[in-house]
Amino acid sequence: MTNTSMTVLTGAEVVAAYHSLFEVEASFRMAKSDLRARPIFHHTRDAIQAHLTIVFCALAVARHLQTATGLSLRRIIKTLQPLREGLVEINGTITTIPAALTAEAKEILNSLSQSGH
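Rules and cut-offs
- Residues numbered from 1 in each chain as written.
- Predicted model: local features only at pLDDT ≥ 70, side-chain atom pairs only at ≥ 80, totals over all residues.
- Heavy atoms only, no water.
- Helix = DSSP H or I, 4+ residues; strand = E, 2+ residues; numbered from the N terminus.
- Salt bridge = Lys/Arg side-chain N within 4 Å of Asp/Glu carboxyl O.
- Buried < 20%, exposed > 50% of the residue type's maximum accessible area, 1.4 Å probe, protein only.
- Pairing = 2+ DSSP bridges.

S.K.: Give a detailed account of unusual backbone geometry, specifying residues and quantitative values.
M.R.: Even without glycine at this site, Asn91 takes up a positive phi of about 50 degrees. Position of Asn91 relative to the elements: it lies in the loop between β1 (86-90) and β2 (93-97).

S.K.: Break down the pattern of salt bridges for me, with residues and values.
M.R.: Enumeration over the complete set of coordinates arrives at 1 salt bridge. A salt bridge links Arg75 to Glu104; its shortest N-O distance comes to 2.6 Å. Here Arg75, found in helix α3 (residues 73-80), pairs with Glu104, found in helix α4 (residues 103-114); they are 29 residues apart in sequence, far enough to count as distant. Accessibility expressed as a relative area gives 32% for Arg75, which makes it partly exposed.

S.K.: How would you explain the pairing of β1 if you had to name every residue and give the values?
M.R.: Of all 5 residues in β1, 0 are buried; the element is thus mostly exposed. Turn length for the β1-β2 hairpin, with the two strands adjacent in sequence and antiparallel, is 2 residues, and the turn residue Asn91 shows positive phi of about 50 degrees.

Set out below in structure tokens:
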């Protein structure tokens, strides 16, 4: 319920505002669980702002990944986190050993490349 009159906000605008609030709350849940962002006790304004900036940027990237792939962040992390690429030097020659991509990992990376990234 809201005490805003119909002259200020229409019913649809009130519903849209509540939907936006739900998105913000979902983002905070994502930051706490999937991104593992937790409160840290900073003592200076710069440190607090830096921490919030990093968490906000991670959240923006996470939202982009979800939008581009249509998958949950948890699924994206679970699929891509084990991937590793290596460099090996043999007799002075450096060779790159690419990550062994699963079909699901390839699909995620293709989705991201199609979205311009």
